[in-house]
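Tertiary structure, described
Each chain, letter by letter, is given below.
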Amino acid sequence: MARSPQRQSSREEYDYTEEYGSHSDQQSLRLRRVPSRVSNQNPPQFDWSSPHEEEDEEGSSGPPRDLRATPLPMALKRAMRQIQQMRVPVVSSRESWKRKKAKSLRKLKESGRGFLSFFSLWSKTLQKIGGNFGGGVQSYFLFLRFLVVLNFVSFLLIAGFVLIPSIVFRSVGSKLINSTGPEACMEYDPNPQGLVVFYNYFLDLLSGTGFMEYSYLFYGYYNNTMVEDVNFSYNIPLAYLLTAVFYFIFCLICIIVRMGTAARVVVATGVSTVGNYSMIAFTSWDYGCLGDRATKLKQKNIHYGLQVDLEEESMKKRAATLTLLQKIVLYSLRVSMCVLSLGLIIAAFFGIFKATEFSQKNSLQGGILGLFFEYLPSIVITAGNFVVPLLCDQIALIERYAPSNTVIVALLRSVFLRLVSLGVLLFTLWGQITCDGAENTGDCKLCQYNHLIYQCWETRVGQEMYKLTLFDFLINIAVLILVEFPRRMVVDNWSNKLTQWVGRQEFVVSANVLGLVYGQTVVWTGALFCPLLPLINTLKFILLFYFKKITLFYNCRPALKTFRSTTSTFFFLVVLLFGWGLGTVVIIYSVAEIRPSMGCGPFSVFPSMWSIVPMSFQKLSITSQEFLFFIGSQSFSIPLFALSCVVMCYFVALASVYGKSVALLRAQLKLEGRDKQFLVKQIEMLSQSQHILN
C-alpha cells in the first residue's frame, strides 16, 4: 500500500525517536520542533516483518519474542498472533526441535508454578487480609507463614538425623564409652516414685517435669550410643551436635534468601514514595482477579498503598517547613522520650533478674505453689513484654515520626526489651549452673557444675524454653478470649462516650511481629536442649495464625494510620536475624564452655560437647583426615578467601552499575514528566488562541 509523503515523514520521525530517544543525550522537548498536525492524526504503524528480520540478522540462537511482554495494544497483539500462526517459517529440523523443546519447557514451568501455588498455605486468606486491612497487616501474616514452614522443615531435619535414629538404635546400640565419673555426679532419676496424684500429670505437662522430662522431648533422654556394622555406623552424639549446627545454618540461609527477595523490592522502589507510587500505578493490579469480591479486595489493597504514600509525603512536607526552633524542640522531645523508654526497659531487666533468682531457689517445692515458682520468670517476662511495649508505642507516637518509621522505632525498642530479657534469664541460669564462673570452687568443685540443684542442667534449660513457649501461647489464647472478644461485644452493644472513645482495637503490627520474633528466638535458644521444640512451635504458629485471623476480622478495625509494607518486611527479617544471633551465641557457649551433665544426655562422658568432633575425626580414614586437614589449611583457605573477595567485588560493582542505571532512568522519567507538562501547556495555549480567533 502506498503511503503519503506526510505519513512517511511521520514514520521517519517516529523511527528517529525510537533510535535516538535517550533524553540524557538529547535536548528537552521544549527545544524540539513540533510535528505537523497531519502526522499526529495518523495511527501508529507496526512493521510486521521487523521481528522476523531481526531474528534472521541475529541468528537462530535467541528465543522468539514473547508477545505478552511486548507493550502493544491487545487488538494488535491478537493480530500479530494470527499472522505468526499463518506464516510457516522455513527452519531446519534441529531448529524446529529446539523451539518445540523451549515451548514445552515453558509450559512445564508454568504448570509447575500453578501446581505449587495450589499447595501454598493460606493464599486466599492472605489476599483477603491484604484487601481489607492493607499490605502492612498482610506482611505480618506472610511473616508468620514463613516461620511455620521454617519450623516444620527444621523439625524434619532433626527427626531424620536425631529422633528416628535414636528410636531405632536405642535397643541395639552400645555405649560409646563407659562412664567413670563421681557417683554423686551420676545421680539422675526424673521418674516419680510410687503412686502419683492425677492432677500432677497436668502439672507435669505444663512444666515439662515428671513423665515429660524423661522422654524424647528433652536432652536428658538421649543416650551416647553408637551403632557399628561392617558397612554402616551411626554415632548418636555426633549426629546430635552436627544436626544442631546444620539446623542453625539452614535457618540462616532461609532468612538471608528471604531478605534478598525483600531487599530487591526495597531497591526497586528506591525507598521513596515516587518509586512505590509507580509500582502501585503500573504493576499492582492483578488481571487474574475473577469476580466482584476479589476485585474489591484488590481495589482496597491499592487504596491502602496510596494512602500510605500520601500520608508519608504530607509528613515530609510538614517536616521540611519546620523552623530551627521547632526542630530543636522536636529533637529534644525525641531524646527525652528515648531516655524514658530506656529507663522502662532497664527496670524490666532488673525485675526479670530477681524473679529468676527467686524461682531457682524455690523450684523444689511441689504442688500449685511449685508450679507458680517455676513459671515466675515466664510470668515476669510476659508481663514486662506486654506493658513496656505498650508504653513504648505511645512514646513513639509522641515523637512524631513517619508511620513506617514509627513502627520501626517501636519495634526496635521492643526487640531490645524482649531479646535482652531472654538474655538476662539465660545469664542468670548460667550463673547458677556454673557458680558464677567459679567452676572449681564451692558446689561446682566436684562436677564442674552445680549438680546439687541441676542434676541435668541441659534438661532444665530446655524446660525453661518449653515453659516460655507454652506460656506465650496460653497468654495469646487468654487475651483473645478474655480481652479482645469482650471489648468488641461491649463496644458494639453499649453506646456511650467511653465506648466510642475506646472503640474497636487496631491490629498493632509491630507488637505482633515482635511476639513472633520472640517465640522463634526461644526456639533457637532451646533447640539443643529440647529437640522437639521446632515441632511444638510449628503447631503453635499454625494455631496462632487462625486465632489472629479470627481476632483481625471479628474484633479489629482497619488502622487509621497505615504504613508501607516493603521496608517493614525487610526490617522484620533483620530483627529475626538478631534473634538468630542470640540463639547462636547461647549454643556456642553451651557447646564449647560448660561441662555437660555426667548423669544424662549423649555427651555425659565428654569434658565438652565439642569433644566428640575431634574424637570422631581420629576414627576417620587417613585419606579423609588429609582431605579435611587440607580444607582447614592455608593452602585452601587463602585462595578461597581471595575468590570470595573477587566475587564480592564483582557483585558490589554490579550493584553500583544497576544503581547508576536506576538513577539515570529516574532522571529520564522526571524529564519525561516535564516534557508532558510542557506539551499540556502548549495545547492549552493553542486551544486558547484558536478560541480567540474563532
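Let me begin by describing the structure that accompanies this report. Because the structure is predicted, anything quoted here is derived from the model rather than measured. (Residues numbered from 1 in each chain as written. Predicted model: local features only at pLDDT ≥ 70, side-chain atom pairs only at ≥ 80, totals over all residues. Heavy atoms only, no water.)

Some remarks on unusual backbone geometry
For Gln 448, which is not glycine, the phi dihedral falls at a positive 65 degrees. Tracing the backbone through its elements, the reader meets Gln 448 in the loop between α14 (403-433) and α15 (457-493). Under the relative-accessibility criterion, Gln 448 is labelled partly exposed at 35%. (Helix = DSSP H or I, 4+ residues; strand = E, 2+ residues; numbered from the N terminus. Buried < 20%, exposed > 50% of the residue type's maximum accessible area, 1.4 Å probe, protein only.)

Considerations on the nonpolar core
Tyr 140, Phe 141, Phe 143, Trp 430, Trp 457 and Trp 524 are the most contacted members of the largest nonpolar core, which has 109 residues in total. Here this core takes 17 residues from helix α6 (residues 123-169), the largest share from any one element. Residue contacts for Phe 141: discarding those within four places in its chain leaves Leu 126, Ile 129, Phe 507, Phe 545, Lys 548, Lys 549 and Leu 552. With five residues, the next largest nonpolar core counts Val 227, Tyr 234, Ile 236 and Ala 239 among its residues. (Core = buried A, V, L, I, M, F, W, Y, C linked by side-chain atoms within 4.5 Å. Contact = heavy atoms within 4.5 Å.)

Digging into the packing of α15 against helix α17 (residues 509-526)
One way to put it is that α15 packs onto α17 with a least axis distance of 9 Å and a crossing angle of 160 degrees. Here α17 runs roughly antiparallel to α15, going by the angle between their axes. As for how α15 packs across α17, the hand of that crossing is left-handed. Across from Met 465, Leu 468, Thr 469 and Asp 472 in α15, the residues of α17 making contact are Tyr 518, Val 522, Thr 525 and Gly 526. (Axes fitted to C-alpha atoms, helices over the stretch in contact; angles between N-to-C directions. Parallel < 35°, antiparallel > 145°, perpendicular 65-115°, else oblique. Left-handed = near helix turned anticlockwise from the far one by under 90°.)

So, the environment of Gly 370
Within the secondary structure, Gly 370 is located in helix α13 (residues 367-398). Put simply, Gly 370 and Ser 207 are 163 residues apart on the chain and 9.8 Å apart in space, counted from C-alpha to C-alpha.

A closer look at a positive patch on the surface
There is a patch of like positive charges on the surface, built from Arg 81, Lys 103, Arg 106 and Lys 107. When residues of the positive patch are assigned to their parent elements, the largest contribution, three residues, is made by helix α5 (residues 93-118). On the secondary structure map, Lys 103 appears in helix α5. (Patch = residues over 30% accessible without salt bridge, like charges linked within 9 Å, V, L, I, M, F, W, Y side chains within 5 Å. Areas by Shrake-Rupley, 256 points an atom, 1.4 Å probe, with all protein chains shown as cover. Salt bridge = Lys/Arg side-chain N within 4 Å of Asp/Glu carboxyl O. Lys, Arg positive; Asp, Glu negative; His and termini not counted. Charge placed at Lys NZ, Arg CZ, Asp CG, Glu CD.)

Some thoughts on helix α22 (residues 634-693)
The terminal C-alpha atoms of α22, which comprises 60 residues, lie 87 Å apart, in line with the 88 Å expected from a rise of 1.5 Å per residue. Those residues of α22 that fall on the buried side of the exposure criterion are Leu 671, Asp 675 and Phe 678. (Expected span 1.5 Å × (residues − 1).)

Thoughts on the pattern of salt bridges
One pass over the full model with this rule turns up two salt bridges. Across the salt bridge formed by Glu 464 and Lys 467, the nearest N and O atoms sit 3.3 Å from each other. Of this pair, Glu 464 and Lys 467 both sit in helix α15, separated by three residues, roughly a single helical turn. Of the two residues, Glu 464 and Lys 467, both sit in the buried class. Between Asp 472 and Lys 540 there is a salt bridge, with the nearest N and O atoms lying 2.8 Å from each other. A residue pair is termed long-range when its members are at least 10 positions apart, and Asp 472 in helix α15 and Lys 540 in helix α18 (residues 533-555) qualify at 68 residues.

So, helix α12 (residues 324-361)
An ideal rise of 1.5 Å per residue puts 56 Å on 38 residues; α12 measures up with 56 Å between its terminal C-alpha atoms. Taken together, the buried positions of α12 are Leu 330, Arg 334, Met 337, Ser 341, Ile 345, Ala 348, Phe 349, Ile 352, Ala 355, Thr 356, Ser 359 and Gln 360.

Notes on the state of the cysteines
Per the stated rule, a full pass over the model turns up three disulfides. Between Cys 185 and Cys 447 runs a disulfide, and the two sulfur atoms are separated by 1.6 Å. Disulfide Cys 185 to Cys 447: torsion about the S-S bond roughly -95 degrees, handedness left-handed. In this pair, Cys 185 sits in helix α7 (residues 183-186) while Cys 447 sits in the loop between α14 and α15, placing the two residues 262 residues apart along the sequence. Classification of Cys 185 by relative accessible area gives buried; the value is 1%. The disulfide bridge from Cys 435 ends at Cys 444, spanning 1.9 Å between sulfur atoms. With the S-S dihedral at roughly 90 degrees, the linkage between Cys 435 and Cys 444 falls on the right-handed side. Overall, Cys 444 belongs to the buried group, its relative accessible area being 0%. Of note for the protein: the bonded cysteines, numbered N- to C-terminal, pair according to 1-4, 2-3, 5-6. Of all cysteine sulfurs in the structure, the one in Cys 251 sits closest to Cys 254, which takes part in no disulfide; the separation is 6.5 Å. (Disulfide = S-S within 2.5 Å.)

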